[in-house]
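Summary of structural features
Residue-level listing of the chains:
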Amino acid sequence: MRCVESVFSLVAVLALALPLHGEVRRIFRPPRFERGMLNQEIVQPFDEAAWIWHPGVPESQPACADIGAFFKFKTGADAKTDAAFLRFRKEFESDGSAFVIDITADERFVLFLDGEIVAETKAQWEEMFSRVVIDAPDDVKTIFYTGLYHALLYPRDLSEEGRCYSAVDDKVHEGPGYSCFSLWDTYRSEHPLLTLIAPEHAGAMCRSLVDMYRWGGWLPIWPNPGYTGVMIGDPAAIVLAEAYVKGVKGFDAEAAFAACLKNADVPQPDDATRDWHDSGADTPGCPETRGGLTWYLRNGYVAHDKTSESVSRTLDYSLADASIAKFAAALGKADEARRFAARAKNYTNLWCAAKACFLPRKLDGAWCEPVRHAWGTYGYTETNERSARWCVPHDVDGLVRLMGGADAFERELDRFFEEDFYKTDTVGNSSVHGNETCHHVAYLYNRIGRYDKTCRRVHDILTRCYSDTRRGFDGNEDCGAMSAWYILSALGFYPLDPTTGEYVIGSPLVRSATV
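Residues numbered from 1 in each chain as written. Predicted model: local features only at pLDDT ≥ 70, side-chain atom pairs only at ≥ 80, totals over all residues. Heavy atoms only, no water.

1. Brief notes about the overall build of the protein chain
How we decide: Runs of H or I in DSSP of at least four residues are treated as helices and runs of E of at least two as strands, each being numbered from the N terminus. For the exposure calls, accessible area comes from a 1.4 Å probe over protein chains only, and a residue counts as buried if that area is under 20% of its type's maximum, exposed if over 50%, partly exposed in between. Residues count as neighbours in contact if any of their non-hydrogen atoms are within 4.5 Å of one another.
When helices and strands are counted, the protein chain shows 16 helices and 19 strands. With 515 residues in all, the protein chain has 54% of them scored as buried. Taking as baseline every contact in the protein chain between residues at least 6 positions apart, the subset at least 24 positions apart corresponds to 68%.

Now the structure itself:
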């Protein structure tokens, strides 16, 4: 991709997080995965411009990633227009030659000012919004459609004219180029929503994930635009399995399954010697996939004295294995379905009956208390021992048995909501709902026959954790994940385990809806 068009409406100051000219890449990222040249051309005159320097960066290094710039434009009656336009030219080298598609010619900006681009863009958004029509109170409509806008922004398509630049191999390819997949967050609600309202995009997104495997050798966890090593688990397998089970078209299912097998069965070359605490600091050619897979395959759990965030990794890998089992069954691969269905029970290896929760274990099997260890890591990812024990959406019946039966399960769920749920969580959100790990928990009551409690808890979350005021909602949007939960729950259903193709019933806020 060479040219990217961006239009910003400015009141006074435009702040840019990129240098005016030079190589642009995320700090700590290997150049192979995120490399390109960015030139910015100001289309109209500005009054003032200045560099923004990060502390400690010498002015003799203007191409450093830790600098930026700002511009000030005239506003008011003497200004020629209410908007300031910047034309971005992003150049990527592939085998020594630049890939050029020029879509930012001056006439495009003229068309924008004449209103044609505005009208075209508005029509596209209206078409997407019309795919879900609700009758609801005004405050619910405001939150709902704002959320739908958020949910439809990501993943984003970086392709142009049928071609895309791939940051995983630094080359240009034919096909869609979806990127910015916050998969650890979005597999829960965002992708299930897209399979319902935008299946044509969902299929192209799956093709992009498979293409990353073809071009880079692995399925990603958080590609943006290449391998970043951010977050844990194997969420791409869940997204691919769900899409196939639900009949989404547009991607090679056999290649997708092969990609899932590699991520699930092949540890990274240095997996046994890295604790994977350095999220995002990957070495070229070795992106983090299933960190600690060596120990997971050997012991049936990720060893805490070998790999960071061991409990959350074990639970996430078990869920991914359950998804691969369903994918295999749908493809008619019975042996693989049985193998991964057995692996999906590995979460039980970290259940400490004495503490009634999932705890970290060392390689020798000894239990660890969930405290900070010498190398600065925890056993959990954006959760703790109290909330992590609900992170088994693929085997709720098995979790009920571990807790001692339905009555004990219900008591612990009640205690969780009454004592923990609306307290500040592990990363500072004002409720546990601010992190996606517990988005499914209110729906667990359904599995023990307490639909009434699911309705009450879901309604409480919808009305307490989301607002049409400036407060917004709890937590980080995470590329549509928070909004997608609201949309599905306001409609009255939720995918407890996305790869089953089933939805559990909740407590709708809408009076009626057409999807």
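2. Details of the packing of helix α10 (residues 310–330) against helix α11 (residues 334–343)
For clarity, the threshold we go by: What counts as an axis is a line fitted to C-alpha atoms, over the stretch in contact for a helix, and the angles between N-to-C directions run from 0 to 180 degrees. Throughout this description, any angle smaller than 35 degrees is read as roughly parallel, any larger than 145 degrees as roughly antiparallel, any in the 65 to 115 degree range as roughly perpendicular, and the remainder as oblique. In this scheme the crossing of two helices becomes right-handed for a clockwise turn of the near helix relative to the far one and left-handed for an anticlockwise turn of less than a right angle. Polar here means any residue other than Ala, Val, Leu, Ile, Met, Phe, Trp, Tyr, Cys and Pro, which are nonpolar, and Asp, Glu, Lys and Arg, which are charged; Gly is therefore polar.
Two elements in contact, α10 and α11, have axes separated by 8 Å at closest approach and are oriented at 160°. Here α11 runs roughly antiparallel to α10, going by the angle between their axes. In the crossing of α10 with α11, the sense of the turn from one axis to the other is left-handed. Across the interface between the two elements, S318, D321, A322, I324, A325, A328 and A329 from α10 touch E336, A337, F340, A341 and R343 from α11. A breakdown of the residues in the contact of α10 with α11 according to their chemical character gives eight nonpolar, one polar and three charged.

3. Here we look at the pattern of salt bridges
The following threshold applies: In the sections that follow, a salt bridge refers to a side-chain nitrogen of Lys or Arg positioned within 4 Å of a carboxyl oxygen of Asp or Glu.
Summed over all chains, the structure comprises 31 salt bridges. In this structure, R131 engages E200 in a salt bridge whose closest nitrogen and oxygen atoms are separated by 2.9 Å. Of the two residues, R131 sits in the loop between α2 (116–129) and β10 (133–135) while E200 sits in helix α6 (residues 199–216), which places them 69 residues apart along the sequence. What makes R131 partly exposed here is its relative accessible area of 23%. A salt bridge links D497 to K326; its shortest N-O distance comes to 3.1 Å. Here D497 is found in the loop between β17 (493–494) and β18 (504–505), whereas its partner K326 is found in helix α10, with 171 residues between them in sequence. Several salt bridges converge on common partners, so that one network encompasses D234, D265, R290, D321, E336, R339 and R343.

4. So, the confidence of the model for the protein chain
Note the threshold: pLDDT runs from 0 to 100 and stands for how confident the predictor is about each residue.
Per-residue pLDDT for the protein chain has a mean of 81; in total, 73% of the residues score no lower than 70. Throughout residues 1–40 the model reports pLDDT below 50, and contacts reaching past four residues in sequence, or to other chains, amount to 145 contacts. Every residue in residues 373–377 is under pLDDT 50, and counting partners more than four places away or in other chains gives ten contacts.

5. Side note on empty space enclosed by the protein
Vacant regions in the atomic arrangement are exposed by a probe of water-molecule size rolled over the atoms. As a reminder, the rule being used: The distinction between a cavity and a pocket rests on a 1 Å grid over the protein atoms alone: a 1.4 Å probe fits inside a cavity but cannot get out, while a pocket stays open yet meets protein on both sides within 12 Å along at least five of seven lines, and a residue with an atom within 4 Å of a point counts as lining. Grid points are joined across faces, edges and corners, and a volume is the space filled by probe spheres set on the points.
With the rule as written, the count across this model stands at five cavities of 30 Å³ or more. Roughly 190 Å³ of volume is contained in the largest cavity. What lines the largest cavity is a set of 19 residues, and nearest its centre among them are Y187, R188, L319, T437 and H440. Considering each element in turn, the lining of the largest cavity owes the most residues, four residues, to α10.

6. A closer look at the side chain of R188
Basically, it comes down to this: Throughout this description, a polar contact denotes any pair of N or O atoms lying within 3.5 Å of each other; where both atoms belong to protein, one of them has to be capable of donating a hydrogen while the other can accept it, and for residues adjacent in sequence the pair is counted only when both atoms sit in side chains.
Looking at the secondary structure, you find R188 in the loop between α4 (183–186) and α5 (190–197). At 3.3 Å, the side chain of R188 and the side chain of Y187 are in polar contact. The residues touching R188, leaving out its near neighbours within four places in the chain, are E436, T437, Y494, P495 and P498.

7. A look at the pairing of strand β12 (residues 163–166)
This is how it is decided: Pairs of strands are assigned from DSSP output, requiring at least two bridges between the strands.
Where β12 meets strand β13 (residues 171–174), four bridges bridge the pair, whose relative direction is antiparallel. Counted as the bridge partner of C164 is H173 from β13. Here β12 folds back onto β13 in antiparallel fashion, the turn holding four residues, of which D170 has a positive phi close to 60°.

8. Overview of α5
For α5, a buried count of seven out of eight residues is recorded, marking the element as mostly surrounded by other parts of the structure. Considered for burial, the residues of α5 that qualify are E190, H191, P192, L193, L194, T195 and I197. Contacts from the buried residues of α5 go to α3 (138–151), α4, α6, α7 (235–245) and α16 (481–491).

9. What about the environment of F421?
Structurally, the position occupied by F421 is in the loop between α14 (406–420) and α15 (451–464). Note on F421: relative accessible area 1%, which makes it buried. Taking the C-alpha atoms as reference points, F421 and I461, separated by 40 residues in sequence, lie 9.7 Å from one another. Leaving out residues up to four positions away in the same chain, F421 has contacts with F416, S431, V432, H433 and I461.

10. Remarks on the environment of A303
Structurally, A303 can be placed in the loop between α9 (293–299) and α10. For A303, a relative accessible area of 0% translates into the label buried. Excluding its chain neighbours within four sequence positions, the residues that come into contact with A303 are W295, S310, R361, K362 and L363.

11. Some points on the nonpolar core
Stated formally: In these notes, a set of buried Ala, Val, Leu, Ile, Met, Phe, Trp, Tyr and Cys residues joined through side-chain atoms within 4.5 Å is what counts as a nonpolar core.
L240, F327, F358, W390, F409, F417 and Y486 are the most contacted members of the largest nonpolar core, which totals 106 residues. Not counting the four nearest positions on each side in its chain, Y486 is found in contact with V140, I143, F144, L462, Y466 and L509. With seven residues, the next largest nonpolar core counts W184, W222, M231 and C479 among its residues.

12. Considerations on the side chain of T289
Tracing the backbone through its elements, the reader meets T289 in the loop between α8 (253–265) and α9. Separated by 3.1 Å, the side chains of T289 and Q268 make a polar contact. If we skip the residues at most four places from it in the chain, T289 touches W218, L219, I221, G233, N263, Q268 and Y317.

13. Comments concerning the packing of aromatic side chains
Let me state the cut-off plainly: A pair of aromatic rings is counted whenever rings of Phe, Tyr or Trp (Trp by its six-membered ring) have centres within 6.5 Å, and the orientation is called stacked for planes under 30 degrees apart, edge-to-face for over 60 and tilted otherwise. Look at NZ for Lys and CZ for Arg. If either is within 6 Å of the ring centre and within 35 degrees of the ring normal, a charge sits over the ring.
For the structure shown, the criterion picks out 21 aromatic pairs. Geometrically, the ring pair formed by Y296 and Y317 is edge-to-face, given 5.4 Å between the ring centres and 85° between the ring planes. With a gap of 21 residues between them, Y296 in helix α9 and Y317 in helix α10 connect regions that are remote in the sequence. Here the two residues Y296 and Y317 agree in accessibility, since each one is buried. Of the aromatic side chains, those joined through ring pairs into one cluster are W390, F409, F416, F417, F421, Y422 and Y445. Directly above the aromatic system of W184 lies the positively charged group of R188, at a separation of 4.7 Å from the ring centroid. Its end group placed over the ring of W218, K262 keeps NZ or CZ at 4.2 Å from the ring centre.

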